[in-house]
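Here are the chains, one letter per residue:
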Amino acid sequence: MKGLFADLQKVAQKMQGDMLAAADFLGNGAIETNRYETEIVDIVTRTSIALTRFDSRPATGHPHRYFEETAIGSATFTDPRNIVPTPSGPTRVERPAMIKAITNQTNMSLFDVDVTRQQGQFAYLEAKDIQDAINAVVVREAAAVWNGTDTSLSAPTTIEYMGLLRQITQTTSVGVGASIIDALKAQVAAMAGRTDYDIRPTAIYINPILGDYIDREAKAQKVELGEMDVGAGVKVSTINTQVGKLPLIGEKWVPATTDTSFGFTAPPAGYKNYFAVIVTENMIEMPYIHGGDGNPKPRIFQLGLLSGLQGQYVVIHFNTIIAKGASYAHAIVVVIRP
């Protein structure tokens, strides 16, 4: 009997200890328990401006194929009384690009979901976790659009995109102390001045830190930067060029490097390579496979309950990124700064 009483006393002491561990305060007239705000603090990145501005279109298949005309026929002068034409014709090239797959998965325990529902404190959590799984795919795309590791569109060497920093072959650099604004304007003028292609760039995507360097330079040189809307509620600075005002779109996914990434020369010690990507946006497209429903966005599939009664959700997106006219319609300006 004495042993049973001792066991009951131990159980009571343990229960009191558990209550103390779960309660913020126990006292006369007060038992304070843990409570949380019903909204989770969340400003995690979920999109990019580039993805909203680049054109998405259904792929022709796998690979996605298109034709690019690189030249028209050559005309020549001739004697008007002795007309001798020279035959010529346009040059057209077939271009293929392999489709890539980006995926994400989330598993949800039936028990934990039921407990959360019963508590009623985070009623929206299940839907939020599913949406976050979709957003994870979008964020991966946003980064790979610029720095995807593949080195060929038609003969893939990795399972990632061939990022724009690897596709675009027209490049120039801005050394330490040289004007960034002048270099950007000069490159746009060189593109617009070509006689073989009608190039009119529409935007300059920049690393945000490079954007700060441009703002400082404009302030020091008393250069007036304009403003332009580039999306819902997104306003950016612009610079005047030979094709008009071009927006300087700060894109956090445009990297800054300290090595020979993307085939560029490594910067001096203490400096970085910052990239400004001048693009003709209607020449950049993201062909996608949609399976017949026409949906250009990532799709989510619920695979049912697993043996452990876990709900399994898988997100998948089949697409790729193509910079058409990579050698003439776009350009990369590498800026060396601290």
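Note that the structure is a prediction, hence the values are computed from the model and not measured. (Residues numbered from 1 in each chain as written. Predicted model: local features only at pLDDT ≥ 70, side-chain atom pairs only at ≥ 80, totals over all residues. Heavy atoms only, no water.)

A. Expanded view of the overall build of the protein chain. Within the protein chain, the secondary structure is distributed over seven helices and 18 strands. In the protein chain, buried positions account for 38% of the 338 residues. Intrachain contacts of the protein chain at a sequence separation of at least 6 include 70% that bridge at least 24 residues. Accessible surface for the protein chain amounts to roughly 19600 Å². Of this, 55% is attributable to carbon and sulfur atoms. (Helix = DSSP H or I, 4+ residues; strand = E, 2+ residues; numbered from the N terminus. Buried < 20%, exposed > 50% of the residue type's maximum accessible area, 1.4 Å probe, protein only. Contact = heavy atoms within 4.5 Å. Areas by Shrake-Rupley, 256 points an atom, 1.4 Å probe, with all protein chains shown as cover.)

B. Inspection of the environment of H64 at higher detail. Of note, H64 is situated in strand β4 (residues 64–71). A residue is classified by how much of its surface remains accessible, and H64, at 4% relative accessible area, is buried. Distance from H64 to Y288, taken between C-alpha atoms, is 8.8 Å for residues 224 residues apart in sequence. Here H64 is in contact with P58, A59, R95, P96, A97, I99, E285, P287 and I322, once residues within four sequence places are set aside. Polar contacts involving the side chain of H64 include one to the side chain of E285, which spans 3.0 Å. (Polar contact = N/O pair within 3.5 Å; in protein donor to acceptor, adjacent residues only side chain to side chain.)

C. Focus on helix α7 (residues 208–221). Helix length check: α7 (14 residues) gives 20 Å between terminal C-alpha atoms against 20 Å at 1.5 Å per residue, within 8%. Within the span of α7, buried status applies to L210, G211, Y213, I214, E217 and A218. Angular distribution of buried residues about the axis of α7 spans 160°; they occupy a single face of the element. Facing away from the buried side of α7 by over 90 degrees, the exposed positions are R216, K219 and A220. Contacts made by the buried residues of α7 are with α6 (180–192), β8 (203–206), β11 (244–250), β13 (272–279) and β18 (331–337). By the N-cap criterion, in which a side-chain oxygen at the helix start approaches the backbone nitrogen of a residue two or three places on, α7 is capped by N207, the distance to I209 being 2.8 Å. (Expected span 1.5 Å × (residues − 1). Arc of directions from axis to C-beta.)

D. Region of the structure containing unusual backbone geometry. The amide bond that connects H62 to the next residue, P63, takes the cis arrangement and shows omega of 10°. With phi around 65°, F262 is a residue other than glycine that occupies positive phi space. Structurally, F262 is set in the loop between β12 (256–257) and β13.

E. Layout of the confidence of the model for the protein chain. Considering every residue of the protein chain, the mean pLDDT works out to 87; 87% of them sit at 70 or more. Counting interchain partners and residues more than four positions distant, the pLDDT-below-50 stretch residues 11–20 has two contacts. (pLDDT = per-residue confidence, 0-100.)

F. Looking closely at the pattern of salt bridges. All told, the structure shown has 14 salt bridges when counted by the stated rule. Residue K128 is joined to D132 by a salt bridge in which the shortest nitrogen-to-oxygen separation is 3.0 Å. Separated by four residues within a single helix, K128 and D132 lie in helix α4 (residues 125–147), roughly one turn from each other. Shared partners join several salt bridges into a network, and the residues in it are D55, R57, E285 and K324. (Salt bridge = Lys/Arg side-chain N within 4 Å of Asp/Glu carboxyl O.)

G. Spatial organisation of the packing of α6 against α7. Between α6 and α7, the least distance of the axes is 9 Å, while the angle of their chain directions is 105°. Relative to α7, α6 is oriented roughly perpendicular. Only L210, Y213, I214, E217 and A218 of α7 make contact with α6, whose side of the interface consists of I180, I181, D182 and L184. By residue class, the composition of the contact of α6 with α7 is seven nonpolar, no polar and two charged. (Axes fitted to C-alpha atoms, helices over the stretch in contact; angles between N-to-C directions. Parallel < 35°, antiparallel > 145°, perpendicular 65-115°, else oblique. Nonpolar A, V, L, I, M, F, W, Y, C, P; charged D, E, K, R; others polar.)

H. Spatial organisation of the nonpolar core. Core analysis: the biggest nonpolar cluster contains 39 residues, and F54, V145, W146, L164 and Y205 have the highest contact counts within it. Counting only elements with at least two residues in this core, the list comes to α2 (49–53), α4, α5 (164–167), β8, β13, β14 (284–289) and β18. Leave out the neighbours within four places in its chain, and L164 touches F54, V145, W146, I284, I321, A323 and I332. Among the nonpolar cores identified, the runner-up in size contains 27 residues, and M191, L210, Y213 and I278 belong to it. (Core = buried A, V, L, I, M, F, W, Y, C linked by side-chain atoms within 4.5 Å.)

I. Here's a closer look at the environment of I321. On the secondary structure map, I321 appears in the loop between β16 (310–319) and β17 (322–323). When the C-alpha atoms of I321 and L153 are compared, they prove to be 8.9 Å apart, with 168 residues separating the residues in sequence.

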